[in-house]
Structure formats: C-alpha cells, structure tokens
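Observations on chain architecture
The primary structure of each chain is shown beneath.
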Amino acid sequence: QVQLVESGGGLVQPGGSLRLSCAASTRSFSIYDMGWYRQAPGKRRDLVVTITSGGSTNYADSVKGRFTISRDNAKNTVYLQMNSLKLEDTAVYFCNAALRGGINYWGKGTLVTVSS
C-alpha cells in the first residue's frame, strides 16, 4: 500500500502561481508513474499531467505552457508548478501513483481556488 499526501493548495488570484507537492510513502517511488488529476464541482476527474518512471511527461492541452510537473525520487515527492492561473483551474487536485498491471493509488486531494 502506497500513501499519497498532497499539500500546497489554497486561494490565489487569477494570473498568480502556486506549487503543489505530493509525498509518497514507498521505498520504490522511482518505479511508479506519477500524475496529477483534477475535479471541478459537477465535472468528472480529468488528467492534468503525468510523468513516467523514466521522466516522460504528458500534459493536458488546457495547461500546456502554464503548468510543469517534476519529481524528486530522493525525496519521494512529485510537484506541480502552476503559473498564470485561470478561474477555470479551480478544482480539487489529486495525486496519483500507478504501476503497470492496474495497481493504482490516489491521495485525498488538495483544493485550489482561483478567484479575484
């Protein structure tokens, strides 16, 4: 079992920046594919970005050029740097860890509210 704990959410003005962190409780962190997903009120949970164990990234079109994912395997942590935030970025952001074969873990989420 892998425990994931997100942090860094909060209230930010449009155009502002925020950095989310996700700490994982496994000694095998480096072999997991990691990702960030988000869910706005009344909407489905959508992909924001993933980063594989090898470092390849895949961004949703809506965040390309504004968000950056990174991972620090020595710290068992994945980050999401969010710049130029828009009102439509408001959502609960969830951290995900996955292994080939269907093993999948989720954090509880952290709320990001973009409002003027």
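Preceding this section is the structure that the text describes.
Overview of the structure.

Cut-offs used in this document
Within every chain, residues take consecutive numbers counted from 1 along the sequence as written. Local features in a predicted model are, by the rule used here, given only for residues with pLDDT of at least 70; side-chain atom pairs are given and counted only at 80 or more, and totals for whole chains, interfaces and linings are based on all residues. Calculated side-chain values reflect all of the structure's heavy atoms, with hydrogen atoms and water omitted. To pair, rings of Phe, Tyr and Trp, with the six-membered ring standing in for Trp, must have centres within 6.5 Å; the planes then decide the type, stacked if under 30 degrees apart, edge-to-face if over 60, and tilted in the middle. Only DSSP runs of H or I covering at least 4 residues are called helices, and only runs of E covering at least 2 are called strands; the numbering of each starts at the N terminus. Residue exposure (1.4 Å probe, protein chains only): buried if accessible area is under 20% of the type maximum, exposed if over 50%, otherwise partly exposed. Two conditions define a charge located above a ring, namely a distance within 6 Å from the ring centre to NZ of Lys or CZ of Arg, and an angle within 35 degrees of the ring normal. The rule for pairing is simple: two strands pair if DSSP sees at least two bridges between them. Lines are fitted to the C-alpha atoms to define the axes, a helix being fitted only along its stretch in contact, and any angle between axes, read from their N-to-C directions, falls within 0 to 180 degrees. Here, the term nonpolar core denotes a set of buried Ala, Val, Leu, Ile, Met, Phe, Trp, Tyr and Cys residues that are joined through side-chain atoms within 4.5 Å. The contact definition used throughout considers only heavy atoms, calling two residues in contact when any of these lie within 4.5 Å. Two cysteine sulfurs form a disulfide in these notes if their separation is within 2.5 Å.

A few points about the packing of aromatic side chains
For the structure shown, the criterion picks out two aromatic pairs. Ring plane angle 70 degrees and centroid distance 5.1 Å describe the contact between Tyr37 and Trp106, whose orientation is recorded as edge-to-face. Pair noted here: Tyr37 is in strand β4 (residues 33–39) and Trp106 is in strand β10 (residues 103–106), with a separation of 69 residues, a long-range link. Given a relative accessible area of 35%, Trp106 falls into the partly exposed group. If you follow Arg45 out to its NZ or CZ, it ends over the ring of Phe94, 4.1 Å from the centre. Here Arg45 stacks its cationic end above the ring of Trp106, 4.4 Å away from the centre of that ring.

Re the pairing of strand β11 (residues 110–114)
The side-chain alternation of β11 yields one buried face, formed by Thr110, Val112 and Val114, and one unburied face, formed by Leu111 and Thr113. Alignment of strand β2 (residues 10–12) against β11, held across three bridges, turns out to be parallel. Within the sheet, the bridge partner assigned to Gly10 lies in β11 and is Val112. As judged from the three bridges shared by strand β9 (residues 91–99) and β11, these two strands associate in the antiparallel manner. The residue of β11 that forms the bridge with Tyr93 is Thr110.

Describing the sheet that holds strand β7 (residues 67–72)
A sheet is described by the order of its strands in space; here four strands give the open sequence β1-β3-β8-β7, paired in antiparallel fashion. Each edge of the open sheet is held by one strand with a lone partner, namely β1 (4–7) and β7. Put simply, the sheet's adjacent strands are angled 15 degrees from each other on average, direction ignored. Two elements, β7 and strand β8 (residues 77–82), share six bridges in a ladder whose sense is antiparallel. Within β8, the residue paired with Ile69 across the bridge is Leu80.

With respect to the nonpolar core
Ranked by internal contacts, the top residues of the largest apolar core, which has 30 residues, are Leu4, Met34, Trp36, Val78, Leu80, Met82 and Tyr93. When contributions to this core are tallied by element, the ones reaching two or more residues are β3 (18–24), β4, β5 (46–51), β7, β8, β9 and β11.

Things to note about the environment of Asn58
Along the chain, Asn58 turns up in strand β6 (residues 57–59). Note on Asn58: relative accessible area 41%, which makes it partly exposed. Once residues within four sequence positions are removed from consideration, Asn58 is found in contact with Leu47, Val48, Val49 and Thr50.

Quick notes on the state of the cysteines
For the structure on display, the rule yields one disulfide. Two residues share a disulfide in this structure: Cys22 and Cys95, whose sulfurs sit 2.0 Å from each other. A torsion of -85 degrees about the S-S bond marks the disulfide between Cys22 and Cys95 as left-handed. Linking Cys22 in strand β3 with Cys95 in strand β9, this pair joins segments that are 73 residues apart in sequence. With respect to class, Cys22 is no different from Cys95; both count as buried.

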